[in-house]
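An overview of the molecular structure
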Amino acid sequence: MHWVIENDAFANGDILLGSLERLQKEHVVWHDEFWITREYEAFPKNSIFHGSLGNAARLKREMDWQPGSLCDEEEFSFSSIYKKYRDFLLNRDPVFTTISEVLGSPHIMDALSNGAGKIFARPNSPLKEFSGRVIGTKNLTPSHFDYGFYHSDMSLPIVLAEFKKIGKEFRFVCINDKIVTGCEYIADGRKGGVSIDTGEAWQFAQRIADLKMEKDLAYIIDICESDKELYLVETNPFSGSDLYACDATRIITSMEDA
């Protein structure tokens with residue numbers, strides 16, 4: 001297998017790169033100038049990409065590598081996740097809307113906030129036009145959804161949900177329907193703790209994997225604690241997800257075995 005790694009896509013670099021070097025695995029570091037030179041067209045057919053969501057999605061569309069870029073935009077939209085995993089989700093009663101609709105209909109926000117004065121918002125797309133966030137329900141503007149910064153689409157499909165307090169958060173890597181590694185992480189600071197390979201959160205993630213709802217060979221499962229219970233936050237495409245403090249060597253060997 002030939003790994004294509006966009007090391008600059010992650011604040012602390014891609015954890016896979018060092019392990020690929022130590023294991024002497026075939027790999028190349030991706031640079032965006034490749035879109036101009038088109039040299040990626042000469043990469044081996046058995047290439048697999050890991051890097052930014054934007055590049056993962058584009059390579060998914062343009063290249064027929066196997067396994068290629070594991071970034072199915074439709075399957076990892078929150079509307080799709082909701083249909084597949086509603087009974088496991090932290091946000092089981094979301095509102096699917098658009099930026100323009102919610103700005104013109106403040107009653108949507110008031111109904112969700114239940115007097116708390118704040119709600120959770122995220123884009124429906126897994127390509128994350130803006131990061132999931134807690135926002136106030138008053139004096140909203142397009143900039144609260146990063147309009148004009150990372151996108152310019154007032155009709156962008158978004159998801160709104162009641163604000164809920166979250167304790168620990170975990171990221172797990174599922175390959176071939178098996179959880180192979182995971183770690184606790186802090187989403188706001190994009191920081192990962194130590195790798196874990198056991199525990200209740202691991203077992204909960206495996207329950208999600210056992211449903212066999214995803215088409216991709218590998219994907220990400222995010223779990224959280226809330227009110228002393230475990231919930232699924234979302235699933236994410238493998239090729240565009242930060243792996244934080246997961247076990248890089250286990251990911252590489254498990255992927256190649258699969």
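The structure this text deals with has already been given above.
Only a predicted model underlies this, so the values are computations on that prediction, with no experimental measurement involved.

Let us look at helix α1 (residues 15–22). Leu-16, Leu-17, Ser-19 and Leu-20 are the residues of α1 that are buried. Close packing links the buried residues of α1 with β1 (2–5), β2 (27–29), β3 (47–50) and α8 (248–257). Of the residues flanking the start of α1, the one acting as N-cap is Asp-14, its side-chain oxygen 2.9 Å from the backbone nitrogen of Leu-16. Where α1 ends, the next residue or the one after it, Gln-24, has phi of about 55°, a positive value.

Between side chains of opposite charge, pairing is possible as soon as their charged atoms come close. Evaluation of the coordinates by the stated rule reveals 14 salt bridges. Measuring nitrogen to oxygen at the nearest pair gives 2.9 Å for the salt bridge that ties Glu-62 to Arg-58. A residue pair is termed a helical-turn pair when its members lie 3 or 4 positions apart in one helix, as Glu-62 and Arg-58 do in helix α3 (residues 53–62) at four residues. The exposure class of Arg-58 is partly exposed, given its relative accessible area of 28%.

In this section: the side chain of Ser-19. Residue placement: Ser-19 occurs in helix α1. Assessed through its relative accessible area of 3%, Ser-19 is described here as buried. With residues near it in sequence (within four places) discarded, Ser-19 still touches Ala-248, Thr-249 and Ile-252.

Per the stated rule, a full pass over the model turns up 15 aromatic pairs. Both rings, one in Trp-30 and one in Tyr-40, keep their centres 5.6 Å apart while their planes meet at 50°; by these two values the pair is tilted. With a gap of 10 residues between them, Trp-30 in the loop between β2 and α2 (34–37) and Tyr-40 in the loop between α2 and β3 connect regions that are remote in the sequence. The same class applies to Trp-30 and to Tyr-40, which are both buried. Between the aromatic rings of Phe-78 and Phe-96, the centroid separation amounts to 6.3 Å while the plane-to-plane angle is 35°, which identifies the pairing as tilted. Placement of Phe-78 in helix α4 (residues 78–85) and of Phe-96 in strand β4 (residues 95–98) is noted, with a sequence separation of 18 residues between them. Among the residues examined, Phe-78 registers a relative accessible area of 2% and is labelled buried. Lying over the aromatic face of Trp-35, Arg-58 brings its terminal NZ or CZ to 3.7 Å of the ring centre.

The subject of this paragraph is the packing of α1 against α8. Close contact between α1 and α8 brings their axes to 8 Å; oriented N to C, the two are set at 70°. Considered as vectors, α1 and α8 are oriented roughly perpendicular to each other. Here α1 runs over α8; the crossing is right-handed. For the pair α1 and α8, contact is made by Ile-15, Leu-16, Ser-19 and Leu-20 and by Ala-248, Thr-249, Ile-251 and Ile-252, respectively. Looking at the contact of α1 with α8, its residues break down into six nonpolar, two polar and no charged.

The next subject is the sheet that holds β3. By definition, the strands of a sheet pair up through backbone hydrogen bonds, in either a parallel or an antiparallel sense. Pairing is parallel in the open sheet, where three strands are placed in the order β2-β1-β3. In the strand order of this sheet, the two ends are held by β2 and β3, each with one partner. Looking at each pair of strands side by side, their axes are set apart by 20° on average, direction ignored. Examined bridge by bridge, β1 and β3 share four bridges and lie parallel to one another. Looking at the pairing, Ile-5 lines up with His-50 of β3. Packing of α1 onto the sheet brings it into contact with β1, β2 and β3, and relative to β1 it is tilted by some 145°.

Thresholds applied
Residues numbered from 1 in each chain as written. Predicted model: local features only at pLDDT ≥ 70, side-chain atom pairs only at ≥ 80, totals over all residues. Heavy atoms only, no water. Buried < 20%, exposed > 50% of the residue type's maximum accessible area, 1.4 Å probe, protein only. Helix = DSSP H or I, 4+ residues; strand = E, 2+ residues; numbered from the N terminus. Contact = heavy atoms within 4.5 Å. Polar contact = N/O pair within 3.5 Å; in protein donor to acceptor, adjacent residues only side chain to side chain. Salt bridge = Lys/Arg side-chain N within 4 Å of Asp/Glu carboxyl O. Phe/Tyr/Trp six-rings, centres within 6.5 Å; stacked < 30°, edge-to-face > 60°. Lys NZ or Arg CZ within 6 Å of the ring centre and 35° of its normal. Axes fitted to C-alpha atoms, helices over the stretch in contact; angles between N-to-C directions. Parallel < 35°, antiparallel > 145°, perpendicular 65-115°, else oblique. Left-handed = near helix turned anticlockwise from the far one by under 90°. Nonpolar A, V, L, I, M, F, W, Y, C, P; charged D, E, K, R; others polar. Pairing = 2+ DSSP bridges.

Limitation: the analysis is restricted to geometry and does not speak to function.
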